[in-house]
Amino acid sequence: MITERIDPTDSAAFDEWHGALVEASAAGREFAIWWPLEEMRVALTRRTPYFERELWAVRDEAGAIAGVLYLDLPQKDNTSLVSVELAVVPGRRRQGYGTALAELLDERAAVRGRTIVHTMVHCPLGGEAPGQAFARARGMTMGISDMHRVLQLPLDQGFLEELAAEVAGHHRDYRLVSWRDRCPDDLVDAYAALEGTFNDEAPMGELEMEAEVYDAARIRSREDQARAQGRRSWVTVAIAPDGTLAGQTELHVSGNEKVNAFQSGTLVARAHRGHRLGLALKVRNHLELQRTNTEQLVMHTWNAEENTAMNAVNAALGYRAVERTEEWQRKI
Ligand SMILES: CC(C)(COP(=O)(O)OP(=O)(O)OC[C@H]1O[C@@H](n2cnc3c(N)ncnc32)[C@H](O)[C@@H]1OP(=O)(O)O)[C@@H](O)C(=O)NCCC(=O)NCCS
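Described in the following lines is the structure provided in the data block.

Conventions and cut-offs
Residues numbered from 1 in each chain as written. Predicted model: local features only at pLDDT ≥ 70, side-chain atom pairs only at ≥ 80, totals over all residues. Heavy atoms only, no water. Helix = DSSP H or I, 4+ residues; strand = E, 2+ residues; numbered from the N terminus. Polar contact = N/O pair within 3.5 Å; in protein donor to acceptor, adjacent residues only side chain to side chain. Contact = heavy atoms within 4.5 Å. Core = buried A, V, L, I, M, F, W, Y, C linked by side-chain atoms within 4.5 Å. Buried < 20%, exposed > 50% of the residue type's maximum accessible area, 1.4 Å probe, protein only. Expected span 1.5 Å × (residues − 1).

**With respect to the side chain of E323**
Right, so step 1: Summarising the element assignment, E323 is placed in strand β12 (residues 320-331).
Right, so step 2: Among the polar contacts listed, one links the side chain of E323 to the side chain of R29, at a separation of 2.8 Å.
Right, so step 3: If we skip the residues at most four places from it in the chain, E323 touches R29, F31, H122, C123, L125, D146, M147 and H148.

Below is the structure:
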């Protein structure tokens with residue numbers, strides 16, 4: 001078995017690696033999601049001070065890629081952590097390729113000084129996945145179980161307006177402000193500060209995850225990357241009467257494939273909970289999206305199963321569960 005490092009700037013090598021990644025990690029999953037080829041190429045070839053990444057492949061005796069390993073190494077926070085995607089193409093499973101990649105992962109974690117390994121295992125609803133037994137065999141434990149839910153867009157306009165009207169009375173003192181792609185300069189510091197509280201505010205189960213360090217420069221870097229990827233973003237925030245940023249929600253639409261949309265973070269700061277802002281923010285953001293985008297898209301979101309508040313908001317919008325995503329970790 002030969003393992004090799006893949007250079008993302010070598011387009012032929014990267015294309016082959018990405019094809020194997022999709023084949024291996026999407027096998028048997030109707031709603032598998034990974035970065036589309038060109039979006040991932042942009043993310044991996046732009047210089048960023050926030051992450052370093054490593055791409056590896058293991059080849060079979062005929063020279064074809066049998067399995068892939070992707071390492072994500074945060075640079076500004078969580079510097080003990082390595083987030084990992086490790087997958088073997090279906091026709092090459094149970095032949096030791098996964099183990100070869102896991103051993104390589106241990107070597108690379110040691111070289112990079114990382115002591116916490118984090119990975120996702122996607123499981124069918126009510127069923128098991130090979131990744132669970134594999135992770136257990138590698139000494140990992142499950143840190144938290146998330147549900148992957150989807151929502152078919154566009155939503156009915158009248159339904160959204162009714163929901164907005166239903167909750168309006170609860171958040172009268174708050175102002176909702178929306179933007180596309182670029183956060184207004186006067187909000188960017190507050191927005192970065194709120195983003196940085198995510199890992200402390202969302203349920204993390206047993207996961208060893210530190211707060212991320214966010215500032216305006218990091219927000220701008222993320223926006224620049226999304227622009228280069230052809231992604232479009234919609235953000236809505238709630239501003240409290242005293243001017244503080246009380247909450248936010250973000251969604252992204254992939255520019256290349258026009259199939260999927262992603263509901264990423266929604267957060268209401270602790271002091272401002274109980275005003276139905278979670279639902280109000282999401283409803284407003286969907287209304288903003290639908291002012292210009294009425295394409296058929298599948299919106300994806302992931303939430304901890306124990307996150308009852310967020311799950312209630314998603315149920316009100318009509319999300320349905322499609323798979324369970326378990327987050328596993330190992331301390332070295
Ligand atoms: C999990 C995965 C990477 C395993 O790859 P693999 O090449 O089949 O793994 P190996 O052949 O090295 O298996 C190592 C051990 O893992 C366990 N294992 C792997 N697949 C298993 C399965 N389907 N059922 C039960 N145990 C399994 C066994 O203990 C196995 O040892 P054994 O074959 O001697 O019994 C592969 O199934 C896959 O790509 N799944 C989708 C992505 C994923 O879940 N990644 C895991 C992230 S940790």
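We are not done yet, so read on.
**Things to note about the nonpolar core**
Right, so step 1: Grouped together as the largest cluster of nonpolar side chains are 29 residues, with contacts concentrated most on L153 and L317.
Right, so step 2: Contributions of two or more residues to this core are made by β6 (141-153), α5 (157-168), β8 (232-239), β9 (245-253), β10 (260-268), α9 (277-292), β11 (297-304) and α10 (308-317).
Right, so step 3: Sorting elements by how many residues they give to this core places α9 first, with seven residues.
Right, so step 4: If we skip the residues at most four places from it in the chain, L153 touches A261, H286, L289, E295, Q296, L297 and M299.
Right, so step 5: Among the nonpolar cores identified, the runner-up in size contains 21 residues, and V82, V84, L104 and A109 belong to it.

**Brief notes about helix α8 (residues 216-229)**
Right, so step 1: Compared with the 20 Å implied by 1.5 Å per residue over 14 residues, the 20 Å span of α8 between its first and last C-alpha is a close match.
Right, so step 2: Along α8, the residues classified as buried are A216, R218, I219, R220, E223, Q225, A226 and Q229.
Right, so step 3: Among the structural elements, α2 (37-45), β2 (51-59) and α6 (188-195) are those in contact with the buried residues of α8.
Right, so step 4: Just downstream of α8 lies G230, where phi reads positive at about 80°.

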